[in-house]
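Single-letter residue listing:
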Amino acid sequence: MNKMTQADPAVVIDLIEAFRRSKAMFAAVSLGVFDRLAEGPADAKTLASDGDVDAMERLLDACVGLSLLAKEGNLYSNTATARVYLRRSSPQTLAGYVLYSNQILFRLWANLESAVREGSHRWNQTFGFDGPLFSHFFKTDQDMREFLLGMHGFGLLSSPAVAAAFDLSGFRRLVDLGGATGHLAMAARRRYPHLQAAVFDLHRVTEFAREFVPAGEIELIPGDFFTDALPEADLFAVGRILHDWSEPKIVTLLTKIHDRLPPGGGLLIAEKLLEDDRTGPVPAHMQSLNMLICTEGKERTFAEYKALLERAGFARAEPSKTGTPLDAILACKG
Ligand SMILES: C[S@@+](CC[C@H](N)C(=O)[O-])C[C@H]1O[C@@H](n2cnc3c(N)ncnc32)[C@H](O)[C@@H]1O
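Residues numbered from 1 in each chain as written. Predicted model: local features only at pLDDT ≥ 70, side-chain atom pairs only at ≥ 80, totals over all residues. Heavy atoms only, no water.

*Asks:* Please provide a residue-by-residue account of the sheet that holds strand β5 (residues 219-222), values included.
*Replies:* Spatially, seven strands are ordered β5-β4-β3-β6-β7-β9-β8 in an open sheet, and the strand pairing comes out mixed. Two strands lie at the open edges of the sheet, namely β5 and β8 (316-320), each paired on one side alone. Within this sheet the neighbouring strands show an average axis-to-axis angle of 20°, counted without direction. Bridge analysis of strand β6 (residues 235-239) against strand β7 (residues 266-271) gives five bridges, and the strand direction is parallel. Within β7, the residue paired with Gly239 across the bridge is Ala270. Its contacts with the sheet put helix α12 (residues 183-191) on β3 (173-177), β4 (196-201) and β6, and the angle it makes with β3 is roughly 160°. (Pairing = 2+ DSSP bridges. Helix = DSSP H or I, 4+ residues; strand = E, 2+ residues; numbered from the N terminus. Axes fitted to C-alpha atoms, helices over the stretch in contact; angles between N-to-C directions. Contact = heavy atoms within 4.5 Å.)

*Asks:* Describe the site of the ligand, with residues and values.
*Replies:* The immediate surroundings of the ligand are formed by 20 residues, with Gly178, His183, Asp201, Phe225 and Gly239 found nearest. Here Asp201 contributes a side-chain N or O atom positioned 2.6 Å from an oxygen atom of the ligand. When the free accessible area of the ligand is taken as 590 Å², the share hidden by the protein chains comes to 97%. Comparing atom positions with the cavity grids shows the ligand to sit within the second largest pocket. (Near = heavy atom within 4 Å. Polar contact = N/O pair within 3.5 Å; in protein donor to acceptor, adjacent residues only side chain to side chain. Areas by Shrake-Rupley, 256 points an atom, 1.4 Å probe, with all protein chains shown as cover. 1 Å grid on protein atoms, 1.4 Å probe; cavity = no way out; pocket = protein on both sides within 12 Å on 5 of 7 lines; lining within 4 Å. Sits in = over half its atoms within 2 Å of the grid points.)

*Asks:* Quick one: what's the story with the side chain of Glu271, residue by residue and with numbers?
*Replies:* By the element assignment, Glu271 lies in strand β7. Buried and unpaired, Glu271 has no salt bridge, with Arg240 as the nearest side chain of opposite charge at 6.8 Å. Only 3.1 Å separates the side chain of Glu271 from the backbone nitrogen of Leu242, close enough to count as a polar contact. Residue contacts for Glu271: discarding those within four places in its chain leaves Arg240, Ile241, Leu242, His243, Glu299, Tyr305, Leu326, Asp327 and Ala328. (Buried < 20%, exposed > 50% of the residue type's maximum accessible area, 1.4 Å probe, protein only. Lys, Arg positive; Asp, Glu negative; His and termini not counted. Salt bridge = Lys/Arg side-chain N within 4 Å of Asp/Glu carboxyl O.)

*Asks:* Could you give me a rundown of the pattern of salt bridges, with the residues and numbers involved?
*Replies:* In a structure, side chains of opposite charge can pair up when their charged atoms sit close to one another. Scanning all chains against the criterion turns up 20 salt bridges. Between Arg21 and Glu17 there is a salt bridge whose closest N-O contact spans 2.8 Å. A residue pair is termed a helical-turn pair when its members lie 3 or 4 positions apart in one helix, as Arg21 and Glu17 do in helix α2 (residues 10-30) at four residues. A relative accessible area of 30% means that Arg21 is categorised as partly exposed. Relative accessible area serves as the criterion here: at 37%, Glu17 is assigned to the partly exposed category. Within the structure, one salt-bridge network assembled from shared partners comprises Arg172, Arg173, Glu219 and Glu232.

*Asks:* Outline a nonpolar patch on the surface, listing residues and values.
*Replies:* There is a patch of nonpolar side chains on the surface, built from Val11, Val12, Leu15 and Ile16 and spanning about 390 Å² of accessible area. Along the polypeptide, Leu15 turns up in helix α2. Here Leu15 falls in the exposed class, since its relative accessible area comes to 58%. (Patch = residues over 30% accessible without salt bridge, like charges linked within 9 Å, V, L, I, M, F, W, Y side chains within 5 Å.)

Have a look at this one:
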């Protein structure tokens, strides 16, 4: 057998189709299929409302094939996965990230070739947006809401593991910089009830976070981590922050954090780590391309983060692979 006949087309065929599977789920979430089915089983005609019944039936059958719906006779119902993760009102919902992927990321990714050629994000090319990074993510209150709900859903999957990755019992006050809806601060407090915790984020975000944070449990501090003084803490956290920014900005931020910490203070980082030889894992590669199309940053290996931490003055750093969407690093000031 020559090499041509040994080649397996399966991976190519799967990847030709992969975006269709994603988009079918995006459309079903966006059309409210899983929300409607939370009220009870329904047929295609009911779910189509005044839309095309045959087309809706095709989407619903596709969702059955994707294990998102079950079908009995002509009635569809949510699977357990859809009930927990695709229904908008579920506490663990990922619908925010699905909608954000559908409305924003899917369109930005359509310009990946230009991003690779030019090495920069695609906000202007795709949406005609100019200006600082988070003015794009937060263009309207609805955009901000969807983005932060998306972060929250994913955060709930990883934050308990990030908070458990190291022994944090010696720290007294945690400030999560860019902590958004406070899922990491809350996970840390659940594991270490003695810990005081605060979320420091842009003013619009801390206002929005009030919906998520139990009053009195987590302090919400509005501010800009590049331009404002940082609050007092012996443990800072940055979750999915460093991967947003260019290297000079990361070193500026890490140096500012280092200088604000007391001796022995710590910095907990939550990011998806690339393997040392950069051969995987694939979700980290995809996230790095995602950072290319929508931010100034990228994903890194532990060694790359360690080098940045050393430039900022941190004496020690240790990685932990959590097995969840985000890994963890604990860096210590000497
Ligand atoms: C990718 S999100 C990560 C949110 C959260 N840490 C998480 O893991 O869910 C980035 C966060 O950084 C915040 N942010 C961006 N620029 C900021 C700045 N200059 N100062 C403070 N927060 C900022 C955003 O508002 C957003 O909440």
